[in-house]
Amino acid sequence: MKYQKNDKVVIKIEDMGSSGEGIGKADGFPFFVKDALIGDTVEARATKVKQNYGYARLEKVITPSSFRVEPVCPVHRQCGGCQLQALSYEKQLEYKQKKVQDALMRIGGFSRETIDRITEPVVGMESGFHYRNKAQFPIGSDKNGNLVAGFYAGRTHSIIANTDCALGVPENREILEIVLAYMRKYHVPAYDEKTGRGLVRHVLIRKGFVTGQLMVCLVINGKKLPSAERLVAALAVIPGMTSVSYSVNEKNTNVIIGERIVLLWGKERIEDRIGDIMFSISPLSFYQVNPVQTEKLYGVAAEFADLKGNETVWDLYCGIGTISLFLAGKAGQVYGVEVVPQAVADARDNAARNGIGNASFFVGKAEEVLPEKYRREGITADVIVVDPPRKGCDERCLATMLQMRPEKIVYVSCDCATLARDLKALCAGGYEPERVRAVDMFPMTGHVESIVLLSKLHTKQNIEVE
Ligand code: SAH
């Protein structure tokens, strides 16, 4: 083996990996270096060496990349949230575009020619900061036993104290200071993952960007929050405060929010608007975190679906029905499918409050509901939109989509590796990719959202599996 752990290496970074880490070679041997940027020459220390590649920790930037910018956040390196803050925003967009394209070629098996032909310009933001409408801050103790709120350091559960995240809303800081002051004054302990003792685990904060409404939900390891009225009195005076609640999570798991929500003050849900549609959102429901880009993303989805007015549209993994309701005005009938019952309740409520009568929602797994509705009830599809979580679509879901043979499939994805895998299966079953567009929903991070239009091949002979 060429190198060993703890060796010092000098590396010119020539590429970036799928989590935003720098990739370069030392004497022809490739290393992955977190926090090193494309164009940097760095000094790094090997932390792990495998047969054909290694990992190294950045120690010094010898020659900085011309794409380096001054990071806004003082803890950007320790915190696991932002991987790309030191990279110029323009270069971030280029990186994300390439990440999607590479996945489609490498995992999806599409040719460079096809990908170049169907890729449309990445949709970026004007400012890549303060875009998040939601934050979940873990609460814990630092080494000296002081209460802290912040974020987990990358790949760990140690908390980096930070109440003022550069991606979040300014209200986060005031809310967290109030929660911490209340905990100190009334001796409310933070939860300790190791022992399973203590009470307050996380603080979830959500803001409706258009309405200004704020939601605070404390996740606790217990059934009651002591002196809750004191906390409520301090939070309720913040302008926009609409909902204060707690969520019971007594399990020793990585899932943040517990299923039971207890309202302490105000309303159970907050409201927000996307385009012309008003949405009500409960603490348990998924709601896109970047509302400015969400509107653009749904705009692209609508453009790709290109509805004429009488189509039957399925919106699989529909959350609170955002895409369904966004498309309902141009469709004959929309069916949404979502596994979280609370989100489906929100979706139905959202349809009613916006006077939308042609959208129905089903609770359940897409891979179970879709086959059942198709086989038992004979419901067909002209357009199927899917927006699955990172693991992508279940095989049974893809198989049913292929049997239903909609004219178009619009695939919205937050993980281009599973997107590429699923597209390969769909294209092997008689579809071809027509348009691809990346949308930057998560500036400063290595994550990228993308959206693909597939259309049905009319002659089986033309099936393009490359
Ligand atoms: N389209 C929505 C939500 C996308 S997030 C929006 O843009 O807001 C993905 C959603 O899929 C989440 O709401 C999650 O609860 C749901 N989900 C996860 N697994 C699922 C499954 N197997 N079947 C249906 N929904 C699922």
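Before reading on, note that the structure itself is shown above.
Residues numbered from 1 in each chain as written. Predicted model: local features only at pLDDT ≥ 70, side-chain atom pairs only at ≥ 80, totals over all residues. Heavy atoms only, no water.

## Things to note about the overall build of the chain
Thinking step 1. Helices and strands together make up the secondary structure of the chain, namely 10 helices and 22 strands.
Thinking step 2. Rg of the C-alpha trace for the chain: 24 Å, near the compact-globule value of 23 Å for 466 residues, within the 12% margin.
Thinking step 3. Dimensions of the chain, computed from the C-alpha atoms along their principal axes, are close to 70 × 60 × 40 Å.
Thinking step 4. Within the chain, buried positions represent 55% of all 466 residues.
Thinking step 5. Partitioning the intrachain contacts of the chain with sequence separation of at least 6 by distance along the chain shows that 64% fall at a separation of at least 24.
Thinking step 6. Each charge class in the chain was averaged separately, 60 positive and 56 negative side chains, and the resulting centres sit 6 Å apart. (Helix = DSSP H or I, 4+ residues; strand = E, 2+ residues; numbered from the N terminus. Rg over C-alpha atoms; globule rule 2.2 N^0.38 Å. Buried < 20%, exposed > 50% of the residue type's maximum accessible area, 1.4 Å probe, protein only. Contact = heavy atoms within 4.5 Å. Lys, Arg positive; Asp, Glu negative; His and termini not counted. Charge placed at Lys NZ, Arg CZ, Asp CG, Glu CD.)

## Considerations on the site of the ligand
Thinking step 1. By nearness alone, 17 residues border the ligand, and Q288, Y298, E338, A366 and D387 come closest of all.
Thinking step 2. Residue V339 places a main-chain N or O atom 3.3 Å away from a nitrogen atom belonging to the ligand.
Thinking step 3. Between a nitrogen atom of the ligand and a side-chain N or O atom of D387, the distance comes to 2.9 Å.
Thinking step 4. In isolation the ligand exposes 570 Å². Once the protein is present, 89% of that is buried. (Near = heavy atom within 4 Å. Polar contact = N/O pair within 3.5 Å; in protein donor to acceptor, adjacent residues only side chain to side chain. Areas by Shrake-Rupley, 256 points an atom, 1.4 Å probe, with all protein chains shown as cover.)

## Some words on the nonpolar core
Thinking step 1. If you look at the biggest cluster of nonpolar residues, it comprises 84 residues, and the most contacted ones within it are L218 and V410.
Thinking step 2. At 7 residues, the largest contribution of residues to this core is made by helix α3 (residues 171-185).
Thinking step 3. If we ignore the near neighbours within four places in the chain, the residues touching L218 are V179, V200, H202, V203, L225, L231, S245, Y246 and S247.
Thinking step 4. Grouped together as the second largest cluster of nonpolar side chains are 39 residues, A103, M404, Y411 and V452 included. (Core = buried A, V, L, I, M, F, W, Y, C linked by side-chain atoms within 4.5 Å.)

## As for helix α1 (residues 89-106)
Thinking step 1. The end-to-end C-alpha distance of α1 is 25 Å, a good match for the 26 Å that 18 residues give at a rise of 1.5 Å each.
Thinking step 2. Buried residues dominate α1, accounting for 13 of its 18 residues. (Expected span 1.5 Å × (residues − 1).)

## Re the sheet that holds strand β7 (residues 134-141)
Thinking step 1. With mixed pairing, 7 strands are arranged side by side in an open sheet as β9-β8-β7-β10-β11-β12-β13. The open sheet terminates on both sides in strands that have one partner only, identified here as β9 (159-161) and β13 (260-266). In this sheet, adjacent strand axes meet at a mean angle of 35 degrees when their direction is disregarded.
Thinking step 2. Here strand β12 (residues 241-248) pairs with β13 via 6 bridges, running antiparallel. Opposite S247, over in β13, you have I261 as the bridge partner.
Thinking step 3. Sheet strands touched by α3: β7, β8 (147-152), β10 (200-207), β11 (214-220) and β12. Its angle to β10, the strand with the most contacts, is close to 150 degrees. (Pairing = 2+ DSSP bridges. Axes fitted to C-alpha atoms, helices over the stretch in contact; angles between N-to-C directions.)

## Brief notes about the packing of α1 against helix α10 (residues 416-428)
Thinking step 1. At a minimum axis distance of 8 Å, the contact between α1 and α10 shows a crossing angle of 35 degrees. The crossing of α1 and α10 is right-handed. In this structure, α1 contributes K99, V100, A103 and L104 to the contact, and α10 contributes C416, A417, L419, A420 and L423.
Thinking step 2. Partitioned by chemical class, the residues of the contact of α1 with α10 number 8 nonpolar, no polar and 1 charged. (Left-handed = near helix turned anticlockwise from the far one by under 90°. Nonpolar A, V, L, I, M, F, W, Y, C, P; charged D, E, K, R; others polar.)

## Focus: the state of the cysteines
Thinking step 1. In the structure shown here, the tally under the stated rule is 0 disulfides.
Thinking step 2. As a non-bridged cysteine, C165 has C82 as the owner of its nearest cysteine sulfur, 6.1 Å distant.
Thinking step 3. Summary of cysteine pairing: C427 is not part of a disulfide, and the nearest cysteine sulfur, belonging to C393, is at 13 Å. (Disulfide = S-S within 2.5 Å.)

## Overview of helix α7 (residues 341-353)
Thinking step 1. Helix length check: α7, at 13 residues, gives a terminal C-alpha distance of 18 Å against a target of 18 Å (1.5 Å per residue), a fit within 8%.
Thinking step 2. Buried residues along α7 sit in contact with β15 (277-281), α6 (322-328), β17 (333-338) and β18 (359-363).

## Some remarks on the packing of aromatic side chains
Thinking step 1. Enumeration over the complete set of coordinates arrives at 12 aromatic pairs.
Thinking step 2. On the basis of an interplanar angle of 15 degrees and a centroid distance of 5.8 Å, the ring pair of Y335 and F362 is categorised as stacked. In this pair, Y335 is assigned in strand β17 and F362 in strand β18, connecting sequence segments 27 residues apart. This pair shows no difference in class: Y335 is buried, exactly as F362 is.
Thinking step 3. Here the aromatic residues Y3, F29 and F31 are joined through ring pairs into a cluster of three or more.
Thinking step 4. Above the plane of the ring of Y191 lies R201, whose end atom (NZ or CZ) is 4.2 Å from the centre.
Thinking step 5. In this structure, K373 is placed above the aromatic ring of F362, and the distance from its NZ or CZ to the ring centre is 4.3 Å. (Phe/Tyr/Trp six-rings, centres within 6.5 Å; stacked < 30°, edge-to-face > 60°. Lys NZ or Arg CZ within 6 Å of the ring centre and 35° of its normal.)

## A look at the sheet that holds strand β2 (residues 22-26)
Thinking step 1. Strand order in the closed barrel made by the 5 strands is β1-β2-β3-β5-β4, with mixed pairing throughout. Each neighbouring strand pair of the sheet contributes to a mean axis angle of 50 degrees, computed without reference to strand direction.
Thinking step 2. Looking at chain direction, strand β3 (residues 29-34) and strand β5 (residues 54-63) are connected through 4 bridges and run parallel. Residue K34 lies in a different strand from β5, and its bridge partner there is R57.

## Points about the pairing of strand β22 (residues 449-456)
Thinking step 1. Counted residue by residue, β22 has 8 buried out of 8 residues, so it is predominantly covered.
Thinking step 2. Both strand β20 (residues 408-413) and β22 contribute to a ladder of 6 bridges, which runs antiparallel. Pairing of Y411 across the sheet is with V452, part of β22.

## Focus: the side chain of N221
Thinking step 1. Among the secondary structure elements, N221 is positioned in the loop between β11 and α4 (228-236).
Thinking step 2. Using a relative accessible area of 15% as the deciding quantity, one classes N221 as buried.
Thinking step 3. One polar contact links the side chain of N221 to the main-chain carbonyl oxygen of G196, over a distance of 3.1 Å.
Thinking step 4. Filtering out sequence-adjacent residues up to four positions away, N221 remains in contact with Y191, G196, R197, G198, L199, R201, N249 and E250.

Functional significance is not addressed by these values, which are geometric in nature.
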